[in-house]
Amino acid sequence: MKQKDYTKTFEQVLLKYLKANYLKKTSTQSEWNQKDFRYFSKGVIALNEGFTQSRQQTKLNYFQDPVLRSGYLSYFLIVNAMKMRLVLSKYHPQERLKKIYSIADIGAGPLTMTLGWLFWFLETHGTQLTKPATKDEGSQVTVYVDVFEQNKKIIIDGMRLIQEYLNALGLTSVIKLVMKPVVCNLNRVKFKANNYDYV
């Protein structure tokens, strides 16, 4: 599977997730329509203005607001995850496949860094991954992720999305993700960077 197939699969998972979790239940049965795009664009526009024009006034915990949260998920998540994938592709282009990885996703939001890492990992090692022959054999790769974020709701969104993504790719038996949420004040995060492969 090529890298663009990995991101396309995530986009499909994301659109389905947004419709099921952020719109009225009556809207979830049909395909995406103009009303859906209008609803999610409100959050995208508000965040874009907050990130660029009125940075001082943007709420520190903007993920509390469901409109802003869904706006971030619908646009900024994939954009920022792809930036992470590009950085990893540049600085770790031919890294050897390992059995265990550890990630500190700090200021994680919906696990944006972790998602970008997954895009890069699948692009780099996707052809080397094989499903276990038996259930007893276990997963081929285990990824431990410490998720540092001040907003529990966006952590839950990110964890669900990544699990649904791996499920859609048929990789839940190949990649075991062990995600540990750490809800905290991000100004006071304490961790040892050398305990992780990726920070």
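Since the model is a prediction, treat every value here as computed from it, not as a measurement. (Residues numbered from 1 in each chain as written. Predicted model: local features only at pLDDT ≥ 70, side-chain atom pairs only at ≥ 80, totals over all residues. Heavy atoms only, no water.)

A. Representation of the overall build of the chain. From N to C terminus, the chain includes 5 helices and 3 strands. Walking the chain from its N terminus toward its C terminus, one meets helices and strands in the order α-α-α-β-α-β-α-β. Here the chain holds 199 residues, and 42% of them are scored as buried. Contacts in the chain between residues far apart in sequence, at least 24 positions, make up 80% of those at least 6 positions apart. Carbon and sulfur atoms provide 52% of the accessible area of the chain, an area that totals close to 11,600 Å². (Helix = DSSP H or I, 4+ residues; strand = E, 2+ residues; numbered from the N terminus. Buried < 20%, exposed > 50% of the residue type's maximum accessible area, 1.4 Å probe, protein only. Contact = heavy atoms within 4.5 Å. Areas by Shrake-Rupley, 256 points an atom, 1.4 Å probe, with all protein chains shown as cover.)

B. Representation of the nonpolar core. One finds W117, F121, L122, V143, Y165 and I175 to be the most contacted residues of the largest nonpolar core, which totals 50 residues. Secondary-structure elements contributing two or more residues to this core are helix 1 (3–22), helix 2 (34–52), helix 3 (66–91), strand 1 (100–106), helix 4 (112–125), strand 2 (141–149), helix 5 (152–169) and strand 3 (175–183). By residue number, the principal contributor to this core is helix 4, which donates 8 residues. By size, the runner-up hydrophobic cluster in this structure holds 5 residues, among which are F148, C184, V189 and Y196. (Core = buried A, V, L, I, M, F, W, Y, C linked by side-chain atoms within 4.5 Å.)

C. Just helix 2, in detail. End to end, helix 2 covers 26 Å across 19 residues, agreeing with the expected 27 Å (1.5 Å per residue, within 8%). Along helix 2, the residues that are buried comprise D36, F40, G43, V44, L47 and G50. (Expected span 1.5 Å × (residues − 1).)

D. Structural context of the sheet that holds strand 3. Spatial strand order, 1-2-3: 3 strands in an open sheet with parallel pairing. The open sheet has two edge strands with one neighbour each: strand 1 and strand 3. Mean inter-strand twist for the sheet, computed between neighbouring axes without regard to direction, equals 15 degrees. Sheet analysis places strand 2 next to strand 3, joined by 9 bridges and oriented parallel. Residue pairing in the sheet places E149 in a bridge with V183 of strand 3. Running at roughly 150 degrees to strand 1, helix 4 makes contact with strand 1, strand 2 and strand 3 of the sheet. (Pairing = 2+ DSSP bridges. Axes fitted to C-alpha atoms, helices over the stretch in contact; angles between N-to-C directions.)

E. Local environment of the side chain of T142. Position of T142 relative to the elements: it lies in strand 2. Beyond its immediate sequence surroundings of up to four residues, T142 is in contact with K99, I100, Y101, K176 and V178.

F. A look at the side chain of T114. Here T114 shows up in helix 4. Classification of T114 as buried rests on a relative accessible area of 1%. Non-local contacts of T114, meaning those with residues more than four positions away in its chain, are made with I103, D105, V145 and I162.

G. Fine view of unusual backbone geometry. Despite not being glycine, L111 has its phi angle at roughly 60 degrees, a positive value. One can find L111 in the loop between strand 1 and helix 4. Among the residues examined, L111 registers a relative accessible area of 0% and is labelled buried.

Honestly, it's all geometry; don't read function into it.
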